[in-house]
Amino acid sequence: MGSTEPTVVMFYSTKCPDCKKVTLPIKKAINGQKFKSFTNSGSSNQPVSHTNTFVEWQNKQDKALFKKYQVQSVPTFMVFKQGIPQQFIVNDQPTTVYSGTDPNVIKQIYTNLQVK
């Protein structure tokens with residue numbers, strides 16, 4: 001999360017049915033490198049790498065991150081750069097948090113990341 005590259009972070013719980021629905025396909029796509037990411041920093045869409053992290057409610061160390069970033073529902077997606085939450089675009093609107101399971105929005109976050 002402290003990387004100079006954007007980091008897509010998924011907050012989840014192993015006991016959450018919605019999390020289970022989206023976590024496995026995301027992990028498979030990341031491991032298989034099916035997500036080809038682009039970011040838009042204001043000038044042009046150029047391929048850029050970003051890192052991916054999963055923060056699990058059942059992990060004692062990760063629970064502190066849930067509290068620090070006030071994550072109250074799962075799955076929740078945030079983007080960080082150098083440890084700071086970043087605005088990103090979801091459905092043409094800037095946000096710092098997306099909570100939900102819409103596969104199109106999740107794919108947009110991972111494949112067409114637009115950090116403001």
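The sections below set out a description of the structure shown in this document. (Residues numbered from 1 in each chain as written. Predicted model: local features only at pLDDT ≥ 70, side-chain atom pairs only at ≥ 80, totals over all residues. Heavy atoms only, no water.)

Structural notes on the overall build of the protein chain
On a plain count of helices and strands, the protein chain comes out with three helices and nine strands. Starting at the N terminus and walking to the C terminus, you meet the elements of the protein chain as β-α-β-β-β-α-β-β-β-β-β-α. Counting the 116 residues in the protein chain, one finds 36% classified as buried. Taking the contacts inside the protein chain whose residues are at least 6 apart along the sequence as the reference set, 62% of them involve residues at least 24 apart. Per element, the accessible surface of the protein chain, about 6,900 Å² overall, is 48% carbon and sulfur. (Helix = DSSP H or I, 4+ residues; strand = E, 2+ residues; numbered from the N terminus. Buried < 20%, exposed > 50% of the residue type's maximum accessible area, 1.4 Å probe, protein only. Contact = heavy atoms within 4.5 Å. Areas by Shrake-Rupley, 256 points an atom, 1.4 Å probe, with all protein chains shown as cover.)

A few points about the side chain of H50
Along the chain, the position of H50 falls in the loop between strand 3 (45–47) and strand 4 (51–56). Since its relative accessible area comes to 13%, H50 is described here as buried. Only 3.1 Å separates the side chain of H50 from the backbone oxygen of Y110, close enough to count as a polar contact. (Polar contact = N/O pair within 3.5 Å; in protein donor to acceptor, adjacent residues only side chain to side chain.)

Re the environment of Y12
Mapped onto the elements, Y12 comes out in strand 1 (residues 7–12). Residue classification places Y12 among the buried positions, given a relative accessible area of 8%. The spatial distance from the C-alpha of Y12 to the C-alpha of V22 is 9.7 Å, given a sequence separation of 10 residues. Separated by 3.2 Å, the side chains of Y12 and E56 make a polar contact.

Observations concerning the packing of aromatic side chains
Throughout the structure, instances matching the rule amount to six aromatic pairs. Geometrically, the ring pair formed by F11 and F66 is edge-to-face, given 5.2 Å between the ring centres and 80° between the ring planes. A residue pair is termed long-range when its members are at least 10 positions apart, and F11 in strand 1 and F66 in helix 2 (residues 60–68) qualify at 55 residues. Across the pair, F66 and F11 agree in class, each one buried. (Phe/Tyr/Trp six-rings, centres within 6.5 Å; stacked < 30°, edge-to-face > 60°.)

Points about the pattern of salt bridges
Per the counting criterion, the structure on display carries one salt bridge. When the shortest N-O distance is used, the salt bridge between D18 and K21 registers 3.4 Å. Of this pair, D18 and K21 both sit in helix 1 (residues 17–31), separated by three residues, roughly a single helical turn. (Salt bridge = Lys/Arg side-chain N within 4 Å of Asp/Glu carboxyl O.)

Focus on the nonpolar core
Residues F77, Y98, I109 and Y110 are the most contacted members of the largest nonpolar core, which totals 18 residues. For this core, the elements supplying multiple residues, two or more each, are strand 1, helix 1, strand 5 (76–81), strand 7 (88–90) and helix 3 (103–111). Setting aside anything within four residues of it in sequence, one finds I109 in contact with V8, F77, F88, V90 and Y98. The next biggest cluster of nonpolar side chains, apart from the first, holds eight residues, and it includes F11, Y69, V71 and M78. (Core = buried A, V, L, I, M, F, W, Y, C linked by side-chain atoms within 4.5 Å.)

Here's the deal with the side chain of Q86
Tracing the backbone shows Q86 in strand 6 (residues 84–86). Side-chain polar atoms of Q86 contact the backbone oxygen of I84, separated by 3.0 Å.

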